[in-house]
Amino acid sequence: MTTDVEGLAGRLREFARDREWEQFHTPKNLAMALAGEVGELVAEFQWLTAEQSAKPDPETLARMRAELGDVTLYLVRLADVLGVDLLAAARDKLDDNDRRYDADLYRGSARKAPPHKTA
């Protein structure tokens, strides 16, 4: 069964191949493009209050949606080029966070967990 992410990755692969853009889709270039798109998303929030950011007006929300789309496309393409299963990586990270941030110890707290111990 193909996940939505796998289907999107396949469509992006085809999109790049049809335009002969694979040569430009190196991990470095994709990571830099992703960072740029994240910056454009952040810019949409820059001067909003916390309340405004939680309930943006329709025009602002449409711009945020477009930037979220760009971020998602570059993230999925980067993971595909690197051969990383994006959903597995996210699940693994969430499992790690679940171990590191015990709910009873961190409830209501923004403090960071101690660094990972290396062997």
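Residues numbered from 1 in each chain as written. Predicted model: local features only at pLDDT ≥ 70, side-chain atom pairs only at ≥ 80, totals over all residues. Heavy atoms only, no water.

## Observations concerning the overall build of the protein
- For the protein, the helix and strand inventory stands at six helices and zero strands.
- Order of helices (α) and strands (β) in the protein, N terminus to C terminus: α-α-α-α-α-α.
- Relative to a compact globule of 119 residues, whose C-alpha radius of gyration would be 14 Å, the protein shows 18 Å and is clearly more extended.
- With the principal axes as the frame, the protein shows a C-alpha extent of 50 × 45 × 30 Å.
- Split into buried and exposed, the 119 residues of the protein put 17% on the buried side.
- If you take every contact in the protein between residues at least 6 apart in sequence, the share linking residues at least 24 apart comes to 58%.
- Charged side chains in the protein number 17 positive and 22 negative. The centres of these two groups are separated by 5 Å. (Helix = DSSP H or I, 4+ residues; strand = E, 2+ residues; numbered from the N terminus. Rg over C-alpha atoms; globule rule 2.2 N^0.38 Å. Buried < 20%, exposed > 50% of the residue type's maximum accessible area, 1.4 Å probe, protein only. Contact = heavy atoms within 4.5 Å. Lys, Arg positive; Asp, Glu negative; His and termini not counted. Charge placed at Lys NZ, Arg CZ, Asp CG, Glu CD.)

## What about the packing of aromatic side chains?
- A full pass over the atoms with the stated rule returns two aromatic pairs.
- Measuring from ring centre to ring centre gives 5.5 Å for F15 and W21, while their planes differ by 75 degrees; the resulting arrangement is edge-to-face.
- Accessibility expressed as a relative area gives 38% for F15, which makes it partly exposed.
- With a relative accessible area of 35%, W21 lands in the partly exposed category.
- For the pair Y101 and Y106, a centre-to-centre distance of 4.9 Å together with 70 degrees between the ring planes defines the contact as edge-to-face. (Phe/Tyr/Trp six-rings, centres within 6.5 Å; stacked < 30°, edge-to-face > 60°.)

## Points about helix 4 (residues 58-82)
- For helix 4, with 25 residues, the first-to-last C-alpha span of 36 Å sits near the 36 Å given by 1.5 Å per residue.
- Along helix 4, the residues that are buried comprise T60, M64, E67, V71, V76, R77, L78 and A79.
- Each element contacted by the buried residues of helix 4 is listed here: helix 1 (4-18), helix 2 (27-45) and helix 5 (86-100).
- Between the side-chain oxygen at the start of helix 4 and the backbone nitrogen of E59 there is a gap of 3.0 Å, and the oxygen is on D57.
- Phi turns positive, to about 75 degrees, at G83, one or two residues after helix 4. (Expected span 1.5 Å × (residues − 1). Polar contact = N/O pair within 3.5 Å; in protein donor to acceptor, adjacent residues only side chain to side chain.)

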